[in-house]
Amino acid sequence: MNTLTVTNPQTNEILAELNLTSEPELAKLVDQAKAAQKAWAKNSLYERSRILYDFIDVYQQHMEELIVLSSKEMGKPYSMSRDEVTKVPQNIRGTIEYANHMYGQVLPDNDSDAVGDLIFTKRVPLGLIGCVIPFNYPIELTILKVIPALVMGNAVIVKAPSSNPLTILRIGELLEEAGVPKAVAPFVVCERAACDQAVIRNPKVDALALTGSTEAGISLAENSAKCLKPLFLELGGNDPFIICKDADLNLAVEEIMDGRFYIAGQTCCAPKRFIVEREICASLAEKLIKRLETVVVGDALDPKTEIATLVTEKAAKTVEAQVRQTVEEGARLAYGGRRNGAFYEPTVLTEVTKDMSVAKDLEIFGPVFPIIPFDTIEEAITIANQSSYGLNAGVLSSDIMKAFHIAAELEAGSAVINGHSAYRHIDQAHGGIKMSGLGREGISVSLEEFSNVKSYVLKEAFG
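The structure reproduced in this document is the subject of the present report.

### Describing the environment of Ala41
Working step 1: Assignment of secondary structure puts Ala41 in helix H1 (residues 23-42).
Working step 2: Residues Ala41 and Asn154 lie 113 residues apart in sequence; the distance between their C-alpha atoms is 6.6 Å.
Working step 3: In contact with Ala41, not counting residues within four places along its chain, are Arg48, Pro125 and Gly153.

### As for the sheet that holds strand E6 (residues 155-159)
Working step 1: Across the sheet, 6 strands lie side by side as E7-E6-E5-E8-E9-E21; this open sheet has mixed pairing. Edge positions in the sheet fall to strand E7 (187-188) and strand E21 (437-438), since each of these pairs with one other strand and no more.
Working step 2: Here 2 bridges tie strand E9 (residues 231-234) to E21, and the two strands are oriented antiparallel to one another. Bridge pairing links Glu234 to Gly437 in E21.
Working step 3: Relative to E6, H1 is tilted by about 155°, and along the sheet it contacts strand E5 (128-132), E6 and E7.

### Focus: the sheet that holds strand E12 (residues 332-335)
Working step 1: The 7 strands lie next to each other as E12-E15-E16-E11-E10-E18-E19, forming an open sheet whose pairing is mixed. The open sheet has two edge strands with one neighbour each: E12 and strand E19 (414-417). Strand-to-strand twist across the sheet, computed as the mean angle between neighbouring axes with direction ignored, equals 25°.
Working step 2: As paired elements, strand E18 (residues 392-396) and E19 share 3 bridges and run parallel to each other.

### Comments concerning the packing of helix H7 (residues 192-200) against helix H8 (residues 214-224)
If you want to describe how two helices pack, look at the angle between their axes and the distance between the axes.
Working step 1: Here H7 crosses H8 at 40°, and the two axes come no closer than 10 Å. When the axis of H7 is compared with that of H8, the two are oblique. Considering how the two elements wind past one another, H7 and H8 form a crossing that is right-handed. Here Arg192, Asp196 and Ile200 of H7 come into contact with H8, specifically with Ala216, Ser219, Leu220, Asn223 and Ser224.
Working step 2: When grouped by side-chain class, the residues that make up the contact of H7 with H8 number 3 nonpolar, 3 polar and 2 charged.

### Here we look at the side chain of His62
Working step 1: Along the polypeptide, His62 turns up in the loop between helix H2 (45-61) and helix H3 (63-74).
Working step 2: With a relative accessible area of 16%, His62 lands in the buried category.
Working step 3: Non-local contacts of His62, meaning those with residues more than four positions away in its chain, are made with Arg170, Leu174 and Glu177.

### Description of the pattern of salt bridges
Working step 1: Counted under the stated rule, the structure contains 23 salt bridges.
Working step 2: A salt bridge links Glu65 to Arg170, with the nearest nitrogen and oxygen atoms 2.6 Å apart. Residue Glu65 is found in helix H3, and its partner Arg170 is found in helix H6 (residues 166-178); the two are separated by 105 residues along the sequence.
Working step 3: A relative accessible area of 18% places Arg170 in the buried class.
Working step 4: The salt bridge partner of Lys402 is Asp246, with a shortest N-O separation of 3.1 Å. With Lys402 in helix H13 (residues 400-409) and Asp246 in the loop between strand E10 (239-243) and helix H9 (249-260), this pair connects stretches of sequence that are 156 residues apart.

### Considering the nonpolar core
Working step 1: Judged by nonpolar contacts, the single largest core of 76 residues is most densely connected at Phe55 and Leu175.
Working step 2: Contact partners of Phe55, with chain neighbours within four places excluded, come to Ile92, Ile143, Ile147, Ile171, Leu174, Leu175 and Ala178.
Working step 3: In this structure, Phe241, Phe343, Tyr344 and Leu396 belong to the second largest nonpolar core, which totals 57 residues.

### Considerations on the pairing of E18
Two faces, one strand: in a regular strand the side chains alternate between the faces of the sheet.
Working step 1: Extensive coverage of E18 is indicated by the burial of 5 of its 5 residues.
Working step 2: Burial along E18 is two-sided: Asn392, Gly394 and Leu396 and Ala393 and Val395, pointing in opposite directions, are all buried.
Working step 3: In this structure, E10 lies alongside E18, joined through 3 bridges in parallel fashion. If you follow Ile242 over to E18, its bridge partner there is Val395.
Working step 4: Assessed by its sense of winding, the connection that carries the chain from E18 through H13 to E19 is right-handed.

### Considering H2
Working step 1: When the terminal C-alpha atoms of H2 are compared, their 25 Å separation across 17 residues agrees well with the 24 Å that a helix rising 1.5 Å per residue should span.
Working step 2: Taken together, the buried residues of H2 touch H1, H3, helix H4 (78-99), helix H5 (138-151) and H6.

Cut-offs used in this document
Residues numbered from 1 in each chain as written. Predicted model: local features only at pLDDT ≥ 70, side-chain atom pairs only at ≥ 80, totals over all residues. Heavy atoms only, no water. Helix = DSSP H or I, 4+ residues; strand = E, 2+ residues; numbered from the N terminus. Contact = heavy atoms within 4.5 Å. Pairing = 2+ DSSP bridges. Axes fitted to C-alpha atoms, helices over the stretch in contact; angles between N-to-C directions. Parallel < 35°, antiparallel > 145°, perpendicular 65-115°, else oblique. Left-handed = near helix turned anticlockwise from the far one by under 90°. Nonpolar A, V, L, I, M, F, W, Y, C, P; charged D, E, K, R; others polar. Buried < 20%, exposed > 50% of the residue type's maximum accessible area, 1.4 Å probe, protein only. Salt bridge = Lys/Arg side-chain N within 4 Å of Asp/Glu carboxyl O. Core = buried A, V, L, I, M, F, W, Y, C linked by side-chain atoms within 4.5 Å. Right-handed = clockwise from strand over helix to strand, strands pointing away. Expected span 1.5 Å × (residues − 1).

Now the structure itself:
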């Protein structure tokens, strides 16, 4: 049996040795979940809601454990793991309450062929949903898929990332403790090839939800195409942040830090291209570097730490290579640029031009700040929209009408005015366009995404 060694990226301490779920085992879990879903769906919405409310209670008893475990296995600073963990109960409650107040429709008999008929609609589950979870927000992004799926009567099979699966697997155990049948929600760690064959291509799996890279999304779509499964994909992004010369530079620096620096830049919907009016490029870079010099580097478990490591040394080496590529293309390394194991220090790149890879589709998943100058608003919009990605975007200007004009022209799933793009309200219909994904995720939309509308017709109900 193949095994997986899970280590702390900061200390290289071995945290666990896990047995990888094999392809035959995965296929068996799919069969069990498919059968168990029927019984789960026959439970009333009231009963499913009660169990998931119980899960909130169980979850809250283990929040400190989850915070520490998440920080250890991915190098996420304690304060950021705490932010992620403590927001979950509100999200679950909101999802359950919305499910309890979703109403169907009764159609009028305004069709000559339907006079006297009773026609009404009801939301029904999709069936079994395969959920592929990324490493960066393991708890939040598990909850955002699993809870709406379960409350609507679906079963799920959840694939945890190999880099940091422990927190996600623990969530699965807590769901079972709260009363969700294990067969309804199996959580696994497995090789990608096994998942492709036993889950992605399996016609018994009715839908797929993935948060991950665009490459992973394309692969999933190709592998599942013959089954015509509904796909919900939140993929890569190279979010633009347009900063005009009339912006407050101190505010700009804090927004840049808040959006890009969070969990060492490992966020899909974060500003990764800083498109700055030429007159203020030098001043902004200077202020940003001074701010970065104050950042607290340290142990991920220290609440004061602002940056620790990336999720793996491999991830840090990728960032290192991407920065080297950008410098070779002509950018100037103004600050940082050094790696130590899984740690990559905050890095500022100036003299970045709009024709460089990083200004288009080179998504750097690390604490790197490329500054791209523009001369006109039209040029800024062109640079922002030249990427094949379209997740989120941001614009900063003291002229609110100008900011709205820019936001309206940006090709993105959401545009934040006077703020960075790493913004996600729990009710928001979050998701991208172009190569950044399909579908939307959030309390206001996930329940609809994870269910079908079924129409019921009673002929001549009214004579």
